[in-house]
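Overview (structure and organization)
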Amino acid sequence: MSVNKVILVGNLGKDPELRYTPSGTAVATFSLATTERYKDRDGNRQEKTEWHNIVAWRQLAEICGKFLHKGKQVYIEGKIQTRSYDDRDGNKRYITEIVVDQMQMLGSRDDSQGGGYGSGQSYNQGGQDYRPASQDKRGGAKQESDFEDPVFNPDDEIPF
């Protein structure tokens, strides 16, 4: 048995690009930034940002294209996929992407730019099902500021 499962929480680096295949299937692509914050050995705060290529298909792609915007915070579940293509010069290139199975918009409702689908709802690949975001004691979706920054110490032993 094997598992290919990715969970990311980050911010969109640009608005999704929504396209359609020749057969009419919707596909949305966008970049997602995840930022790790930690303290180094000297106690200085450090940040490291990773950029991820995200791909959504069908109805989920249309939802992403309509409701996600640059800077929006989202929760993504999916799988890692690597594919190759030939660039304009005929060189073989490889790209690693996260193919989305489920997406949940995070942040405040004021951040959701659009009508019917609001912040804190989760959408699966079929685009039909949704569920509210987990709620904190104040009744709202948990915000990034509700979580503590981990303190990174490279001298700590790995716990496994």
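Residues numbered from 1 in each chain as written. Predicted model: local features only at pLDDT ≥ 70, side-chain atom pairs only at ≥ 80, totals over all residues. Heavy atoms only, no water.

1. Quick look at unusual backbone geometry
Convention followed: Every helix listed is a DSSP run of H or I at least four residues long, and every strand listed is a run of E at least two residues long, numbered separately from the N terminus. Remark: exposure states derive from per-residue accessible area (1.4 Å probe, protein chains only) relative to the maximum for the residue type, with buried under 20%, exposed over 50%, and partly exposed in between.
Residues other than glycine seldom take positive phi values, yet R58 does so here, at roughly 55°. With respect to the helices, strands and loops of the structure, R58 is situated in helix α1 (residues 58–67). In this structure R58 comes out as partly exposed when scored by relative accessible area, which is 48%.

2. Section: the nonpolar core
The cut-off we apply is this: By nonpolar core we mean a set of buried residues, namely Ala, Val, Leu, Ile, Met, Phe, Trp, Tyr and Cys, connected to one another through side-chain atoms within 4.5 Å. Any two residues whose heavy atoms approach within 4.5 Å at even a single point are treated as in contact.
With 21 residues, the main nonpolar core has I54, C64, L68, I76 and M103 as its most contacted residues. Within the residue set of this core, elements represented by two or more residues are β1 (6–12), β3 (26–39), β4 (45–57), α1, β5 (73–86) and β6 (92–105). Leaving out residues up to four positions away in the same chain, L68 has contacts with L12, P16, F30, I63, V74, M103 and M105.

3. Structural notes on the pattern of salt bridges
To keep things clear, this is the line we draw: Salt bridges are defined by distance alone: a side-chain nitrogen of Lys or Arg within 4 Å of a carboxyl oxygen of Asp or Glu.
Tallying each qualifying case throughout the model produces six salt bridges. For K48, the salt bridge is made with E50, and the minimal N-O distance between the two is 3.6 Å. Relative accessible area serves as the criterion here: at 44%, K48 is assigned to the partly exposed category. Looking at E50, the relative accessible area reads 37%, which means it is partly exposed. Put simply, R83 and E97 hold a salt bridge, and the shortest N to O gap is 2.9 Å. Taken together, the residues R83 in strand β5 and E97 in strand β6 connect sequence positions 14 residues apart. Under the relative-accessibility criterion, R83 is labelled partly exposed at 37%.

4. Looking at the layout of surface pockets
The cut-off we apply is this: Computed over the protein atoms alone on a 1 Å grid, cavities are sets of points where a 1.4 Å probe fits but cannot get out and pockets are open sets with protein on both sides within 12 Å along at least five of seven lines; a residue lines them when it has an atom within 4 Å of a point. Grid points are joined across faces, edges and corners, and a volume is the space filled by probe spheres set on the points. Just so you know the grouping, Ala, Val, Leu, Ile, Met, Phe, Trp, Tyr, Cys and Pro go in nonpolar, Asp, Glu, Lys and Arg go in charged, and all remaining residues, Gly too, go in polar.
Of the voids in this model, the second largest pocket is the one considered here, and its volume is about 250 Å³. Lining the second largest pocket are 16 residues, with R19, T29, V55, R83 and E97 sitting closest to its centre. Among the elements of the structure, β2 (17–20), β3, β4, β5 and β6 are those that each provide at least two residues to the lining of the second largest pocket. Looking at the lining of the second largest pocket residue by residue, the class counts come to seven nonpolar, four polar and five charged.

5. Focus on the side chain of S31
Examined against the element boundaries, S31 turns out to sit in strand β3. With residues up to four places along the chain from it excluded, the contact list for S31 reads N11, L12, G13, K14, W51 and H52.

6. Concerning the pairing of β5
Keep this limit in mind: Think of it this way: DSSP has to see at least two bridges between two strands before they count as a pair.
Here β1 pairs with β5 via six bridges, running antiparallel. Bridge pairing links V9 to Y75 in β5. Here β5 folds back onto β6, and the loop between the two strands holds five residues, one of which, G90, carries a positive phi near 85°.

7. Some details on the environment of N91
Considering the arrangement of structural elements, one finds N91 in the loop between β5 and β6. Assessed through its relative accessible area of 37%, N91 is described here as partly exposed.

8. Observations concerning α1
Just so we agree on the cut-off: As used here, the arc is the angular range of directions from the helix axis to the C-beta atoms.
Regarding α1, the residues found buried are L60, A61, I63, C64 and F67. Down the axis, α1 shows its buried residues gathered within 160° of arc, on one side only.

9. Quick word on the environment of M105
Looking at the secondary structure, you find M105 in strand β6. Overall, the relative accessible area of 0% leaves M105 in the buried class.

10. Some words on the side chain of T34
For clarity, the cut-off: Polar contact criterion, stated in full: a pair of N or O atoms within 3.5 Å, where within protein one must be able to donate a hydrogen and the other to accept it, and residues adjacent in sequence count only if both atoms are side-chain atoms.
Within the secondary structure, T34 is located in strand β3. Under the relative-accessibility criterion, T34 is labelled buried at 16%. Side-chain polar atoms of T34 contact the side chain of H52, separated by 2.8 Å. In this structure, T34 is in contact with L8, V9, G10, K48, T49, E50 and H52, ignoring residues within four places of it in sequence.

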